[in-house]
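# An overview of the molecular structure
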Amino acid sequence: MTFHLKNYQSQLAQLVALPSVSCGIPSWDMPNLPVIELLANWFNDAGFKTQIIPLAQSGKANLIATLGSGDGGLVLAGHSDTVPYDANRWQSDPFKLEEKDGKLFGLGATDMKGFFPVIMAAVEPFLNAPLKHPLIILATADEESSMSGARALADSGKPNARYAVIGEPTELVPIRMHKGIMMEAIRIRGHAGHSSNPALGKSALDAMNQVMNELIILRNDLQLKYRNPGFAVQTPTLNLGCIHGGDGANRICGECELHFDLRLLPGMDNEELRTAIQNRLTPIAETSGTDIVFSSLFEGVEPFNEPAESELVKVCEALTGHASESVAFATEAPFMQQLGMQTVVLGPGSINQAHQPDEFISIDQLEPAVKIVQELIRKFCVN
Ligand SMILES: [Zn+2]
């Protein structure tokens with residue numbers, strides 16, 4: 001195999017040059033369509049059938065590019081968006097790829113625009129020979145915010161294949177587990193009044209105090225009940241992240257809102273936990289005489305667990321020479337599983353350089369990544 005770093009670099013530079021920030025804060029959020037169109041052109045020119053699937057939000061889209069046809073096959077998936085950036089804290093222009101000390105610097109270089117040129121390099125030897133099973137490239141929108149791209153694919157039942165590899169930066173270590181993530185809000189509406197007479201109001205802060213006690217009891221219960229030694233933090237977590245309420249020491253607090261996150265282990269279920277929380281809130285609302293509204297800040301991501309004995313895990317472990325592990329971040333893997341595919345997260349670059357100034361991908365990760373992807377294609381699409 002010959003790996004042409006110059007080609008790789010020029011392709012990654014083009015991807016990095018197209019801003020595609022996705023963010024729950026509207027002033028940061030940008031379309032990803034330019035990135036999707038560029039990828040569609042590349043894969044089109046390489047002989048893939050490409051389909052750009054627009055999402056409900058304008059300027060946002062997924063790409064499905066398919067080589068070959070038939071049953072089974074392999075999906076190589078990545079997201080086309082990045083997190084926001086702080087240009088003042090970068091040593092270089094985040095949208096201009098720069099090579100220095102064996103590293104390529106740019107926003108999204110490792111997380112994870114850098115995976116797509118790896119795929120481009122890897123597919124070259126397979127373009128002119130018929131495949132037995134399809135090779136499908138997936139580029140999604142909004143992974144860094146709502147995961148609406150992967151969610152839309154899972155809802156539509158597409159694409160169909162037997163195996164999916166998501167090229168998030170794992171330093172080429174196969175990942176078969178991560179926790180789920182939920183971000184939730186509890187808003188309490190009481191009744192404001194003069195603090196000198198408690199009978200003049202219903203304190204939202206007093207009620208919130210009870211709510212927080214309940215949440216901490218729930219957290220202790222969950223941490224006693226669930227444990228998985230495959231994770232650095234072995235128990236589920238619940239973090240009380242921020243609280244806003246009240247407007248003065250001498251007023252009964254009329255309104256209070258709490259935001260918190262939960263990270264569940266494989267085997268736990270986001271929706272079941274929401275029900276359990278609601279069941280603890282209802283009695284507090286009744287006894288305090290307040291209105292308690294429980295809602296989700298986003299739809300959440302389920303925990304991910306691909307069985308250790310699954311064929312894809314075994315193949316990835318053999319190809320990389322690494323036992324599979326877990327990671328602390330959530331990915332689109334649960335949505336790929338919903339589509340019925342065995343799923344592993346495995347890609348070049350390190351998460352340690354993601355989501356921060358001077359993001360880079362190490363050049364020494366690239367050629368091994370191309371080789372691994374080629375072996376996956378040979379195994380699942382050719383043989
Ligand atoms: Zn990512």
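Shown above is the structure to which this text applies.
Okay, so let's go over this structure. (Residues numbered from 1 in each chain as written. Predicted model: local features only at pLDDT ≥ 70, side-chain atom pairs only at ≥ 80, totals over all residues. Heavy atoms only, no water.)

### Considerations on the pattern of salt bridges
Enumeration over the complete set of coordinates arrives at 13 salt bridges. The residue Asp-261 makes a salt bridge to Arg-263 at a minimum N-O spacing of 2.9 Å. Among the ionic pairs, Glu-375 bridges to Arg-378, the shortest N-O distance being 2.8 Å. With Glu-375 and Arg-378 both in helix α10 (residues 366-382), this residue pair falls 3 residues apart, about one helical turn. For Glu-375, a relative accessible area of 33% gives the class partly exposed. (Salt bridge = Lys/Arg side-chain N within 4 Å of Asp/Glu carboxyl O. Helix = DSSP H or I, 4+ residues; strand = E, 2+ residues; numbered from the N terminus. Buried < 20%, exposed > 50% of the residue type's maximum accessible area, 1.4 Å probe, protein only.)

### Thoughts on the nonpolar core
Core analysis: the biggest nonpolar cluster contains 56 residues, and Leu-39, Phe-48, Leu-74, Leu-76 and Leu-135 have the highest contact counts within it. Counting residues per element, this core draws most heavily on α10, at 9 residues. Ranked by size, the runner-up nonpolar core spans 28 residues in total, among them Ala-204, Leu-215, Leu-281 and Ile-284. (Core = buried A, V, L, I, M, F, W, Y, C linked by side-chain atoms within 4.5 Å.)

### Focus: the coordination of the zinc ion
Protein coordination at the zinc ion: the donors are His-79 (NE2), Asp-111 (OD), Glu-168 (OE) and Glu-168 (OE), at 1.8 to 2.7 Å from the metal. Because the angles between the 4 donor atoms bound to the zinc ion fall within 53 to 143°, the donor set is best described as irregular. Here the donor residues of the zinc ion share one chain and are spaced in sequence as H-x31-D-x56-E. Of this pair, His-79 sits in strand β3 (residues 74-79) while Asp-111 is found in helix α3 (residues 109-113), placing the two residues 32 residues apart along the sequence. For the pair His-79 and Asp-111, one class covers both residues: buried. (Donors = N, O, S within 2.8 Å, 3.2 Å for Na, K, Ca; no water. Tetrahedral: all angles 85-135°; square planar, octahedral: opposite > 155°, others 65-115°.)

### Examining helix α1 (residues 5-16)
The first and last C-alpha atoms of α1 sit 16 Å apart over 12 residues, in line with the 16 Å expected at 1.5 Å per residue. For α1, the set of buried residues is Tyr-8, Gln-9, Gln-11, Leu-12, Leu-15 and Val-16. Angularly, the buried residues of α1 cover 170° about the axis, an arc narrow enough to put them on a single face. (Expected span 1.5 Å × (residues − 1). Arc of directions from axis to C-beta.)

### Considerations on the packing of aromatic side chains
Applying the stated criterion across every chain yields a total of 7 aromatic pairs. Both rings, one in Phe-43 and one in Phe-48, keep their centres 5.1 Å apart while their planes meet at 70°; by these two values the pair is edge-to-face. Taking relative accessible area as the criterion, Phe-43 reaches 0% and is therefore assigned buried. Using a relative accessible area of 3% as the deciding quantity, one classes Phe-48 as buried. Centroid distance Tyr-163 to Phe-380: 3.9 Å. Interplanar angle 25°. Geometry classified as stacked. A residue pair is termed long-range when its members are at least 10 positions apart, and Tyr-163 in strand β7 (residues 163-166) and Phe-380 in helix α10 qualify at 217 residues. The buried category is assigned to Tyr-163, whose relative accessible area is 6%. For Phe-380, a relative accessible area of 4% corresponds to the buried category. In this structure, Lys-103 packs its charged tip against the face of Phe-360, placed 4.8 Å from the ring centre. (Phe/Tyr/Trp six-rings, centres within 6.5 Å; stacked < 30°, edge-to-face > 60°. Lys NZ or Arg CZ within 6 Å of the ring centre and 35° of its normal.)

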